Amino acid sequence: MYGLKGKSLLTLHDFSKQQIAYLLDLASELKSKKMMGIKGDLLKGKNIALIFEKPSTRTRCAFTVACVDEGAHPEYLGKNDIQLGYKESVQDTARVLGRLFDAIEFRGFSQKVVEDLSAYSGVPVYNGLTDSYHPTQILADLLTMKEHLGTLEGKKFVYIGDGRNNMANSLLIGCSKMGVDIFIIAPKTLWPEAAHVAICEGYAKDTGSQVIITENVSEVVGADVIYTDVWCSMGEEDQAKERINMLKPYQVNAELIQKVNNPQMIFMHCLPAVKGNEVTEEVFESEYSVVFDEAENRMHTIKAVMVATLA
């Protein structure tokens, strides 16, 4: 359907608005089925390699449960289980795994690794997170928005904090492709790369949405979604003190939520959260926080990706 059979998910750059919409509809359908206690066999006989260079809660569990729910076998491969990129080249590992598995998930550091796995394996490859992009999270975020806001087009989405990490990069793509107005609010030194912003502005032009990059926290007014992420990504722990001092004015707290002035607003976070840094405990635990709906939706959207590309 929509050209998804056999397709890898490396970034959402490679997916059209229609393909993304289909994946969200399929995820909703599969979620309803699960809620009714119906297990399927759409992935029966499939074997999925799950490669993890970085630790994970949501990504690992979501892929594992999604596989089992639809009859597939997930095989976890930690960084000490295979010799990816040090005793054996990524290209050779990809060609071996492609002979043994029907698809490969990769969560790690380098975007080039997941791209090489796709180029050489001959099977669909799913990006479970790299330093550059986190596309499976964005699908879960979009599904959560649809569930709580009813629609995507025309909504105002504000991401506040570290504007040049994998989440900001990926949200720019997903929102602009789906007609969501996206505002990245961050200090200038943490803005996304201009070339990436320009590409997403092109998507926004096609969908009638807008991309705004600003330092001005007052731009939160009227937001339908307030979204944040950790201030120090994995591998950046040595920059924690400097980053905290820089980003304190961008904390999501009660004062910022008051500025939003939208009773229908929802708060989102991809998790794990460092409460007291990017978000206060009060906001995180509030009635408008949908972070655990968002976490659950990782499983449903990942399942949809596998079903659409393999079944």
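Check the entry above for the structure.
A short tour of the structure in this document, coming up.

Let's talk about the overall build of the protein chain
- In terms of helices and strands, the protein chain carries eleven helices and nine strands.
- In terms of overall dimensions, the protein chain is globule-like: its C-alpha atoms have a radius of gyration of 19 Å, near the 19 Å expected for 311 residues.
- A principal-axis box enclosing the C-alpha atoms of the protein chain has dimensions of 55 × 45 × 35 Å.
- Scored against the burial criterion, the 311 residues of the protein chain give a buried share of 57%.
- The long-range fraction of contacts in the protein chain, counting pairs at least 24 apart against all pairs at least 6 apart in sequence, stands at 75%.
- Counting every atom, the protein chain has about 13100 Å² of accessible surface; 50% of that belongs to carbon and sulfur.

Concerning unusual backbone geometry
- With omega at 0°, the peptide bond leading from Leu-271 into Pro-272 counts as cis.
- Tracing the chain through its elements places Pro-272 in the loop between strand 9 (266–269) and helix 10 (281–284).
- Of note, Asn-261 is a non-glycine position whose phi angle comes to about 55°, a positive value.
- Secondary-structure assignment places Asn-261 in the loop between helix 9 (254–260) and strand 9.
- Since its relative accessible area comes to 64%, Asn-261 is described here as exposed.
- Of note in the backbone geometry, Leu-271 takes a positive phi value of approximately 65° without being a glycine.
- As for its placement among the helices and strands, Leu-271 is situated in the loop between strand 9 and helix 10.

As for the packing of aromatic side chains
- Under the definition given, this model contains six aromatic pairs.
- Ring centres 6.2 Å apart and planes at 25° place the aromatic pair Phe-63 and Tyr-126 in the stacked group. Of this pair, Phe-63 sits in helix 2 (residues 58–69) while Tyr-126 sits in strand 4 (residues 125–129), placing them 63 residues apart in sequence. Comparing Phe-63 with Tyr-126 shows no difference in burial state: the two are buried.
- Seen in terms of ring centroids, Phe-284 and Phe-292 are 5.8 Å apart; in terms of plane orientation they differ by 90°. Their pairing is edge-to-face.
- According to the relative accessible area criterion, Phe-292 is exposed, its value standing at 53%.
- In textbook terms, an aromatic cluster arises when at least three aromatic residues are bridged by ring pairs, as seen for Phe-157, Tyr-159 and Tyr-227.
- Across the ring face of Phe-15, the terminal group of Lys-7 is positioned such that the distance to the ring centre comes to 4.8 Å.

Description of the nonpolar core
- Counting residues in each nonpolar core, the largest one holds 61 residues, and the members touching the most others are Met-145, Phe-157, Tyr-227 and Met-306.
- Counting residues per element, this core draws most heavily on helix 11 (residues 291–310), which supplies eight residues.
- Not counting residues up to four positions away in its chain, the partners in contact with Tyr-227 are Gln-137, Asp-141, Phe-157, Val-158, Tyr-159, Ile-160, Met-167, Leu-171, Met-268, His-269, Cys-270 and Glu-294.
- Counting 24 residues, the second largest nonpolar core, distinct from the first, contains Val-220, Trp-231, Leu-247 and Leu-256.

Some points on the sheet that holds strand 9
- Read across the sheet, five strands follow the order 7-6-5-8-9 without closing on themselves; strand pairing throughout is parallel. Both outer strands of the open sheet, strand 7 (211–214) and strand 9, are each paired with one neighbouring strand and no more. Averaged over neighbouring strand pairs, the angle between their axes works out to 20° when direction is ignored.
- Of the pairings in the sheet, the one linking strand 6 (residues 181–185) to strand 7 comprises four bridges and is parallel in character. Each bridged residue has a counterpart across the sheet, and for Ile-184 the counterpart in strand 7 is Ile-213.

Details of the pattern of salt bridges
- Summed over the entire model, instances satisfying the criterion amount to 13 salt bridges.
- Linking Lys-31 and Glu-147 is a salt bridge whose minimum nitrogen-to-oxygen distance equals 2.8 Å. Of this pair, Lys-31 sits in helix 1 (residues 17–35) while Glu-147 sits in helix 5 (residues 135–149), and the two are 116 residues apart along the sequence.
- Classification of Lys-31 by relative accessible area gives buried; the value is 11%.
- Classification of Glu-147 by relative accessible area gives partly exposed; the value is 37%.
- A salt bridge links Asp-131 to Lys-54; the shortest N-O distance between them is 2.7 Å. Here Asp-131 is found in the loop between strand 4 and helix 5, whereas its partner Lys-54 is found in the loop between strand 1 (47–52) and helix 2, with 77 residues between them in sequence.

Points about the sheet that holds strand 3 (residues 103–107)
- The strand order across the open sheet built from four strands is 2-1-3-4, with neighbouring strands paired in parallel fashion. A strand with exactly one partner marks an edge of an open sheet, and here the two such strands are strand 2 (73–78) and strand 4. Here the strands of the sheet are splayed against their neighbours by 20° on average, with no regard to which way each runs.
- Looking at chain direction, strand 1 and strand 2 are connected through six bridges and run parallel. In the strand pairing of strand 2, Ala-49 is matched with Glu-75.

As for helix 5
- Taking 1.5 Å of rise per residue, the 15 residues of helix 5 would be expected to cover 21 Å, and the 21 Å separating its terminal C-alpha atoms lies within 8% of that figure.
- With twelve of 15 residues buried, helix 5 lies mostly within the body of the structure.
- Those residues of helix 5 lying buried are Pro-135, Thr-136, Gln-137, Ile-138, Leu-139, Ala-140, Asp-141, Leu-142, Leu-143, Thr-144, Met-145 and Leu-149.

Calculation criteria
Residues numbered from 1 in each chain as written. Predicted model: local features only at pLDDT ≥ 70, side-chain atom pairs only at ≥ 80, totals over all residues. Heavy atoms only, no water. Helix = DSSP H or I, 4+ residues; strand = E, 2+ residues; numbered from the N terminus. Rg over C-alpha atoms; globule rule 2.2 N^0.38 Å. Buried < 20%, exposed > 50% of the residue type's maximum accessible area, 1.4 Å probe, protein only. Contact = heavy atoms within 4.5 Å. Areas by Shrake-Rupley, 256 points an atom, 1.4 Å probe, with all protein chains shown as cover. Phe/Tyr/Trp six-rings, centres within 6.5 Å; stacked < 30°, edge-to-face > 60°. Lys NZ or Arg CZ within 6 Å of the ring centre and 35° of its normal. Core = buried A, V, L, I, M, F, W, Y, C linked by side-chain atoms within 4.5 Å. Pairing = 2+ DSSP bridges. Axes fitted to C-alpha atoms, helices over the stretch in contact; angles between N-to-C directions. Salt bridge = Lys/Arg side-chain N within 4 Å of Asp/Glu carboxyl O. Expected span 1.5 Å × (residues − 1).

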